[in-house]
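Structural description and commentary
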Amino acid sequence: MEGILPLLKPKGMTSHDCVWKIRKLYKTKKVGHTGTLDPDVTGVLPICIERATKIAEYITDAGKSYEGEVTIGFSTTTEDASGEVVEKADGEKRFSRNEIVEALQSFQGTIVQTPPMYSAVKVNGKKLYEYARAGIEVERPSRQVNIYEIELLDDCEEWAGETVSFRFSVKCSKGTYIRTLAVMIGEKLGYPAHMSHLIRTQSSSFTLDDCFTLEQIEELELEERYQLLRPLEEGLSHLPKLVINDKVAEKVINGVALPKPNDFSIETGEPFVLEHNGIALAIYQIKENNLELMKPVKVLRIALS
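Scope of this entry: the structure provided in the associated data block. Here the residue numbers are simple positions, counted from 1 along each chain's written sequence. Whole-chain, interface and lining totals are the exception, using all residues; otherwise, since this is a predicted model, local features are given only for residues with pLDDT of at least 70 and side-chain atom pairs are given and counted only at 80 or more. Side-chain numbers here rest on the full set of heavy atoms in the structure, without hydrogens or water.

Exposure categories follow from relative accessible area, calculated using a 1.4 Å probe and restricted to protein chains: below 20% of the type maximum is buried, above 50% is exposed, and the middle band is partly exposed. The helix and strand labels rest on DSSP assignments: H or I over at least four residues marks a helix, E over at least two residues marks a strand, and numbering proceeds from the N terminus. A large share of strand β1 (residues 3-9) lies buried, amounting to six of its seven residues. Strand pairing is assigned whenever DSSP detects at least two bridges linking the two strands. Direction of pairing for β1 relative to strand β3 (residues 42-49): antiparallel, over a ladder of seven bridges. Among the inter-strand pairings, L5 is bridged to a residue of β3, identified as I47.

By definition here, a salt bridge exists when the distance from a side-chain nitrogen of Lys or Arg to a carboxyl oxygen of Asp or Glu is within 4 Å. Going through the model one piece at a time under the given rule, you end up with 14 salt bridges. The partner of R94 in a salt bridge is E158, and the shortest N-O contact between them spans 3.0 Å. Taken together, the residues R94 in strand β7 (residues 93-96) and E158 in strand β12 (residues 158-161) connect sequence positions 64 residues apart. The exposure class assigned to R94 is partly exposed, which follows from its relative accessible area of 46%. Looking at E158, the relative accessible area reads 48%, which means it is partly exposed. Between R230 and E234 there is a salt bridge; the shortest N-O distance is 3.1 Å.

Summarising the element assignment, R225 is placed in helix α7 (residues 222-226). Counted as positive: Lys and Arg. Counted as negative: Asp and Glu. His and the chain ends are not counted at all. Nearest to the buried, unbridged R225 among oppositely charged side chains is E221, at 6.5 Å. By definition in these notes, contact holds between two residues if any of their heavy atoms fall within 4.5 Å. Apart from residues lying up to four places away in sequence, R225 is in contact with L25, Y26, I217, E218 and L220.

As a further point, take the packing of aromatic side chains. Put simply, two rings from Phe, Tyr or Trp (the six-membered ring, in Trp's case) pair if the centres are within 6.5 Å, and we call them stacked under 30 degrees between planes, edge-to-face over 60, tilted for the rest. Per the stated rule, a full pass over the model turns up four aromatic pairs. Arranged with centres 6.3 Å apart and planes meeting at 65 degrees, the rings of W159 and F166 form a pair that is edge-to-face. Their ring planes at 65 degrees and their centres at 5.0 Å tell us that F264 and F272 sit as a pair that is edge-to-face. Overall, F264 belongs to the buried group, its relative accessible area being 10%. Of the residues examined, F272 reaches a relative accessible area of 0% and is grouped as buried.

Most of strand β18 (residues 272-276) sits inside the fold, with five of its five residues counted as buried. Side chains F272, L274 and H276 of β18 all project onto a buried face; the interleaved residues V273 and E275 project onto the opposite face, where all are buried too. Relative to β18, strand β16 (residues 241-243) runs parallel, the two being bridged by three bridges. Along β18, the bridge assignment pairs L242 with L274. For β18 and strand β19 (residues 279-286), the ladder comprises five bridges, and the chain directions are antiparallel. Note on β19: the bridge partner recorded for V273 is I283.

Right, let's get into unusual backbone geometry. Although it is not a glycine, E50 adopts a positive phi angle of roughly 55 degrees. Of note, E50 is situated in the loop between β3 and α2 (56-61). Classification of E50 by relative accessible area gives partly exposed; the value is 24%. We note that E79 has phi near 70 degrees; this positive angle belongs to a residue other than glycine. Structurally, E79 is set in the loop between β5 (74-76) and β6 (85-88). Take E79: its relative accessible area is 14%, and that puts it in the buried class.

Structural data, given as structure tokens:
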């Protein structure tokens, strides 16, 4: 049995902790997660089991949605509520709804972020949090990410106090640090800030409503646990799809490069799924060196039945 387990990650566990737990529950070593969530963050964490691990990177690369809370008034070492206070602004803060909405909307589109020191980004072969724990500051590579949508969730007309908190939702690309976004929102409003709460509400096509808790999974027998798994096709639903016939399918499972159909439009380098009878057989791409040829990136099935 193979498939994707939509897990509701609990607070206090790392994504790797969840993988270790699922390996034991499903009695297999072939398990992988689809995008790291910090220990304090809860929410949607699709777990790939057996052959579905082949598509983990494509779920990781898909867009994600979150609901978070920004607290204005002080910043922390980790950019979230678990860190030590770095900077604090005393005195009352006061914001109108329009000020906060405008600050949030200013981040919609392509933005540049610098990963926090307490993150798993690697510099010279070591993760940034390893440097941070050793008290070593290193230069961090900035990167572009995309904020597709960002909205204020609270219905207040005014916020006031020594610290001010408000909730927001965001749809974003892979690699977006929401805690860094919270800090950037604070900077836009003129004060130090941190992310005080975060939940991932969607990853690829999987939502909170699809998810199971570890407690729910533990209550089931092994065969019942396998019934919770979703087909790997659901993890690829965000990719373009090309439906093929029996003759072409035989070539695809053998990893053969194919001529691009005249009526199939796709960006160079963009992965797409070759599907036969509702089954994803392989992931292909159009390479720059031959725009008329579809080349296999990853074969997912070795037989048609």
